[in-house]
Every structure is written in C-alpha cells, then in structure tokens.
Amino acid sequence: DAIHIVKVRVWLSEESGGYLNFTPNAPYAVLTRIIDPLAALTRPDSSKRMLEKYGAGALSEYMKTGQFPGGGPAPKGTGAASGGAKK
C-alpha cells in the first residue's frame, strides 16, 4: 500500500503550435514514476537528509498521514516527483 504511481501527461503548448488544453492531436507524452517512501531507508544519503530536515519520526509520520511533518514535500533524493508539468 505504500507504493505510489504518479503519472503526468505533458503536451506541446499553444505557443509552440500545440493546444492550451490536452488533446491527442498534439504531440504528447505520459511520464510515469513509481514512488516508494520506504526507499529512503535503503539509501543512506536520503535517510540523512530526511532526518536533518524533518527529524527522527518523519518516515512514520509519512506512513500515517501521507505527508512529512509540517506538510512539506518529500526531501530530494527520496524518490518523490517534483516539477511544474501540466497534468
């Protein structure tokens, strides 16, 4: 239940000859990423960053609520997707 699949659909914008909203008529791609919050335990660099930023209970808090303490995003290196792509 801890594994998350994140899909992002990106397409050519109207400024580049595409469309404002998604349509299969414009060039597009679907990007898929599997996120495992527990992967931070197996990567020492990620574990260290998570502990420094959120404290010792960060992973258990995430597993209970789906958010890191304070509602912050996942630290870089833990497998969390980021960016400003259109969905």
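One structure accompanies this document, and this report is about it. (Residues numbered from 1 in each chain as written. Predicted model: local features only at pLDDT ≥ 70, side-chain atom pairs only at ≥ 80, totals over all residues. Heavy atoms only, no water.)

## Regarding the environment of Y19
Applicable threshold: In this description a helix means any DSSP run of H or I spanning at least four residues, a strand means any run of E spanning at least two, and both kinds are numbered starting from the N terminus. Note on contacts: a residue pair qualifies if any of its non-hydrogen atoms lie within 4.5 Å across the two residues.
Mapped onto the elements of the fold, Y19 is located in the loop between strand 1 (4–11) and strand 2 (28–35). Apart from the residues lying within four places of it in its own chain, the contact partners of Y19 are W11, L12, S13, E14, N25 and A26.

## Some details on the packing of aromatic side chains
Applicable threshold: Geometry of aromatic contacts follows a simple scheme: Phe, Tyr and Trp rings, the Trp one being its six-membered ring, pair when their centres are within 6.5 Å, and the pair is stacked under 30 degrees between planes, edge-to-face over 60, tilted otherwise. Any residue under 20% of the maximum accessible area for its type is buried, any over 50% is exposed, and the rest in between are partly exposed; the area is computed with a 1.4 Å probe on protein chains only.
Here the structure, examined in full by the defined rule, presents 2 aromatic pairs. Ring centres of W11 and F22 lie 5.7 Å apart, and the angle between their planes is 65°; on these two criteria the pair is classed as edge-to-face. With W11 in strand 1 and F22 in the loop between strand 1 and strand 2, this residue pair connects regions lying 11 residues apart in the sequence. Using a relative accessible area of 15% as the deciding quantity, one classes W11 as buried. The interplanar angle of 90° and the centroid separation of 4.9 Å between the aromatic rings of F22 and Y28 together place this pair among those described as edge-to-face. For F22, a relative accessible area of 27% puts it in the partly exposed group.

## Some details on the environment of N25
Position of N25 among the secondary structure elements: in the loop between strand 1 and strand 2. Between the alpha carbons of N25 and W11 there is a distance of 9.8 Å; along the sequence they are 14 residues apart.

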